[in-house]
Amino acid sequence: MSNTNKKKTKYTSIGGQALIEGVMMRGPKNTAMAVRSPEGEVIVEDVNCPLPSERPWIFKIPLLRGMYSFFDSMRVGSKTLMRSAELAGEDEEEELTPFEQKLNDIFGEKLFGILMTLTMILGMAIAILLFFVVPTACYTGLSMLFPVLKGNILYRSVFEGIFKIVIFVLYIFLCTRIKDMHRVFEYHGAEHKTIFCYEAKQELTVENVRRFKRFHPRCGTSFLIVMLIIGIVVGFCIQTDVIWLRTLIRLACLPLVMGFGYEIIRFCGKHDNILTKILSAPGMWMQHITTFEPDDGQIECAIAALKAVIPQDAEGEIV
């Protein structure tokens, strides 16, 4: 690690997300995205979304704010991801199939929103199946083959937790094998390095940003890993072996898991000590496959997005 990384003197509430050929940054005053067009131009746009100060008061309470932040990030992230695809020219040369044309004739401008909603519902259904139903069903099957496992809550919780982590890591790894997704993960690295440069109070230039590390303790990847680990602990408290009941209880506990995960990541983002290094370690390890070293053009996009949300006062810093 370079000496530059050790001079961090402040922590910022600014966070971001990698997009298709770009980066989105969320600041305390506004949200913006910067995307590289097919012509090579960096297009910067403001994103219309609620500010942190505009949240309902109840979602500013610890634990509850984590649940709100998760779903809000999902909503804004999906919106900016789709917009980045348009700016990057991903769909310019695609022709509609006869079936797609028929749907477009029926639903018109509403088609995109309908398809996005259906996609999100399908994605959530698959996630529930893979991360809640399948692990429990697999352990139940194993307990039939090995009776010693039956009724052992400790073994069940550890098995289910490890199973989920393996699925998650395998899914991310397979995504990195896709060329376009690999570029998204490079933009992810650019996002982290740029935020580190800003926190170090260094001038936001490509040369300065390039020197910083790409692993950040407040990354969404770390949040997901922490949630999976907390889920193992929650599993110890669920005494039933009935698959559907165990799944329902886990789903009911999900907001609490999100809340604890968010508070842990928030704490790690504000402090740098032995405890936070231990808490951040699993997520930081995971970032070895969710972030890659960016090129200069990708860093330029991240810098443009960050500059668009830097506040004029100290409200951009966590104090």
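What counts, and at which threshold
Residues numbered from 1 in each chain as written. Predicted model: local features only at pLDDT ≥ 70, side-chain atom pairs only at ≥ 80, totals over all residues. Heavy atoms only, no water. Salt bridge = Lys/Arg side-chain N within 4 Å of Asp/Glu carboxyl O. Helix = DSSP H or I, 4+ residues; strand = E, 2+ residues; numbered from the N terminus. Phe/Tyr/Trp six-rings, centres within 6.5 Å; stacked < 30°, edge-to-face > 60°. Buried < 20%, exposed > 50% of the residue type's maximum accessible area, 1.4 Å probe, protein only. Lys NZ or Arg CZ within 6 Å of the ring centre and 35° of its normal. Pairing = 2+ DSSP bridges. Axes fitted to C-alpha atoms, helices over the stretch in contact; angles between N-to-C directions. Contact = heavy atoms within 4.5 Å. Core = buried A, V, L, I, M, F, W, Y, C linked by side-chain atoms within 4.5 Å.

Attention now goes to the pattern of salt bridges. Tallied over the full model, the rule gives 15 salt bridges. A salt bridge links Glu 300 to Arg 36; its shortest N-O distance comes to 3.0 Å. Of this pair, Glu 300 sits in helix H10 (residues 296–307) while Arg 36 sits in strand E3 (residues 31–36); the two residues are 264 residues apart in sequence, bridging distant segments of the chain. Salt bridges here are not isolated pairs; linked through shared partners, they connect Arg 156, Glu 160, Arg 246 and Arg 250.

A separate point is the packing of aromatic side chains. Tallying each qualifying case throughout the model produces six aromatic pairs. Ring centres of Phe 70 and Phe 71 lie 5.4 Å apart, and the angle between their planes is 85°; this geometry places the pair in the edge-to-face category. For Phe 71, a relative accessible area of 46% gives the class partly exposed. A ring pair is formed by Tyr 139 and Phe 159, whose centres lie 5.6 Å apart and whose planes are at 55°; its orientation type is tilted. Here Tyr 139, found in helix H3 (residues 110–145), pairs with Phe 159, found in helix H4 (residues 153–176); they are 20 residues apart in sequence, far enough to count as distant. Residue classification places Tyr 139 among the buried residues on the basis of a relative accessible area of 1%. Among the aromatic side chains, those forming a connected cluster through ring pairs are Phe 70, Phe 71 and Phe 223. Over the ring of Phe 132 we find Lys 164, and its NZ or CZ is 5.1 Å from the ring centre.

Turning our attention to the sheet that holds strand E1 (residues 15–19). Pairing is antiparallel in the open sheet, where four strands are placed in the order E1-E2-E3-E4. Since the sheet does not close on itself, it has two edges, and those belong to E1 and strand E4 (42–47), each with one partner. Neighbour to neighbour, the strand axes of the sheet diverge by 15° on average, direction disregarded. Note that E3 and E4 share six bridges and pair antiparallel. Opposite Met 33, over in E4, you have Glu 45 as the bridge partner. Strands in contact with helix H5 (residues 179–199) are E1, strand E2 (22–26) and E3; relative to E1, the strand with the most contacts, it is inclined by about 155°. Packed on one face of the sheet, H10 meets E2, E3 and E4 and runs near 155° to E3.

Take the side chain of Thr 194 next. Counting through the fold element by element, Thr 194 comes out in helix H5. Each residue touching Thr 194, except ones within four places of it in the same chain, is listed here: Leu 204, Val 209, Ile 299, Ala 302, Ile 303 and Leu 306.

Here is a general trend for soluble globular proteins: nonpolar side chains tend to be buried in one another's company. Residues Met 25, Leu 204 and Leu 306 are the most contacted members of the largest nonpolar core, which totals 25 residues. Among the elements of the structure, E2, E3, H5, helix H6 (206–210) and H10 are those that each provide at least two residues to this core. Element by element, the count of residues in this core is highest for H5, at seven residues. Not counting the four nearest positions on each side in its chain, Met 25 is found in contact with Ile 14, Gly 15, Gly 16, Asn 30, Thr 31, Ala 32, Glu 191, Ile 195, Ala 302, Ala 305, Leu 306 and Val 309.

Attention now moves to the side chain of Gln 287. Its location among the elements puts Gln 287 in helix H9 (residues 274–290). Not counting the four nearest positions on each side in its chain, Gln 287 is found in contact with His 192, Arg 214, Phe 215, His 216, Cys 219, Thr 221 and Ser 222.

Glancing now at the pairing of E3. By the criterion of burial, E3 is predominantly enclosed, with six of the six residues buried. Neither face of E3 is left uncovered, since the one carrying Thr 31, Met 33 and Val 35 and the one carrying Ala 32, Ala 34 and Arg 36 both have all their residues buried. In this structure, E2 lies alongside E3, joined through five bridges in antiparallel fashion. Across the sheet, Met 24 pairs through a bridge with Met 33, a residue of E3. Linking E2 to E3, which pair antiparallel, is a turn of four residues. Counting the residues that bridge the hairpin from E3 to E4 gives five residues, and of these Gly 40 lies at a positive phi of roughly 95°.

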